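# Breakdown of the fold
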Amino acid sequence: MIPSNLVKPCVRRLRAYEAKEIPCRVKLDANESPYELWSAGDNKLGRILRRVPLNRYPDPAGTKLKEILALRHGVRADRLLLGNGSDELISMLVTTFGGPVLYPVPTFSMYGIISRGLGEKTVEVKLERSFDLNLDRMESAIRKSRAKVVFLSSPNNPTGNAFSSNRIQRIIETTPGIVVVDEAYHPFSSTPSFITRLKRHPNLVVLQTLSKIGLAALRLGFMVASRDIVNEVNKVRLPFNVNTLSQMIAVEALEERDTLKEAIGRIVQERDRMMRMMADIPGLRVVPSDANFILFRVPDASRVYRGLLQEGILVRNLEPAIPGGLRVTVGTRRENTAFLHAIRKVRL
Ligand code: PMP
């Protein structure tokens, strides 16, 4: 056992992010894509594997991948930074700017875990009942706390809704610190990306990830911001943070735009079908989703969670953060139908 006084108090107080592997038949708990678009058995990936120079360090700057992302998003490559998942970029941003770190709640738990682990103060501001941003509360908390970094996940995890664009815009305009718009779920939303607004706002950072569109195993996130911000954050990036395999596979995969687009389209279509079907189940309240998952509320979330698991369906229990809240990821049509069947069977 290590003496507890060796561990920094801010770390000792933390609870680790829960990412358990729970055996199940249908896995709908982690907002992944259900489609294995590229598998290791494919010729294409086989060719990449044969080409990887395993004795060499990766390209530290991820040049080729950044070029492709830059083209795709209409920005210059020097405005991009790659992360080992967007998780790592969140950590790099907090390391660069420090706290207080402010975010609305409920939201993605890693904003808090990373910030507290780095010894930074966190400020949590309640969302409205509709789960949109409450501008008065946000603005006054940002002012009072002198927040250095504000994280806005839009669409928001775990509520699924995109925040009103004009409210996000207003926060960007009135915050003296950095505002990070985390667009992890943007591909599933009809709201436009904030990447196009970067030119007008030197304090804006936009995060996106390849994790939700079928490439979670690669651990690849990217941030877009002003060159100044990119240069500062790049100073705390560990060298070679994105491995060669991930870089090479991502380069190939991103070229297959139609494959990606088609899978996203299927998920959006299935999400809308699930929302319609779920809305008709008595005792269940659905929150409209712009993401690849759906938040719903039942009288007793733990009981429904266990009931679904007995049927082989794994979802995410959001209690105590959201009383009665459960989150289901949109899977394949068959998986979703299995979920809908099971949820009707479990007594609410
Ligand atoms: N941001 C949000 C809002 C998320 O929900 C997640 C994944 N759960 C991430 C960032 C992290 O994604 P990754 O590290 O896989 O890119």
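Described below are features of the structure shown in this document. Model, not experiment: these values are computed from the prediction.

### Quick word on the side chain of Ser 153
Looking at the element boundaries, Ser 153 is found in strand E5 (residues 149–153). A polar side-chain atom of Ser 153 sits 3.3 Å from the main-chain amide nitrogen of Asn 157. Leaving out residues up to four positions away in the same chain, Ser 153 has contacts with Thr 107, Tyr 111, Phe 163 and Asp 182.

### Some points on helix H2 (residues 43–51)
All of the buried residues along H2 are Leu 45, Gly 46 and Ile 48. The arc that holds the buried residues of H2, viewed along the axis, is 160 degrees, so those residues lie on one side. Exposed residues pointing more than 90 degrees away from the buried face of H2 are listed as Asn 43 and Arg 50. Tucked inside the fold, the buried residues of H2 contact helix H9 (244–255).

### Describing the sheet that holds strand E6 (residues 178–182)
Strand order in the open sheet formed by seven strands is E2-E8-E7-E6-E5-E3-E4, and the pairing between neighbours is mixed. Across the chains shown, the open sheet's two edge strands, defined by having one partner strand only, are strand E2 (80–83) and strand E4 (122–126). For this sheet, the mean inter-axis angle between neighbouring strands, taken without regard to orientation, is 25 degrees. Most of the contacts of helix H6 (residues 135–145) go to E4, to which it runs at about 160 degrees, and overall it touches strand E3 (101–105), E4 and E5. Each of E2, E6, strand E7 (204–209) and strand E8 (221–224) touches helix H8 (residues 227–234); the most contacted strand, E2, lies at about 35 degrees to it.

Definitions and cut-offs
- Residues numbered from 1 in each chain as written.
- Predicted model: local features only at pLDDT ≥ 70, side-chain atom pairs only at ≥ 80, totals over all residues.
- Heavy atoms only, no water.
- Helix = DSSP H or I, 4+ residues; strand = E, 2+ residues; numbered from the N terminus.
- Polar contact = N/O pair within 3.5 Å; in protein donor to acceptor, adjacent residues only side chain to side chain.
- Contact = heavy atoms within 4.5 Å.
- Buried < 20%, exposed > 50% of the residue type's maximum accessible area, 1.4 Å probe, protein only.
- Arc of directions from axis to C-beta.
- Pairing = 2+ DSSP bridges.
- Axes fitted to C-alpha atoms, helices over the stretch in contact; angles between N-to-C directions.

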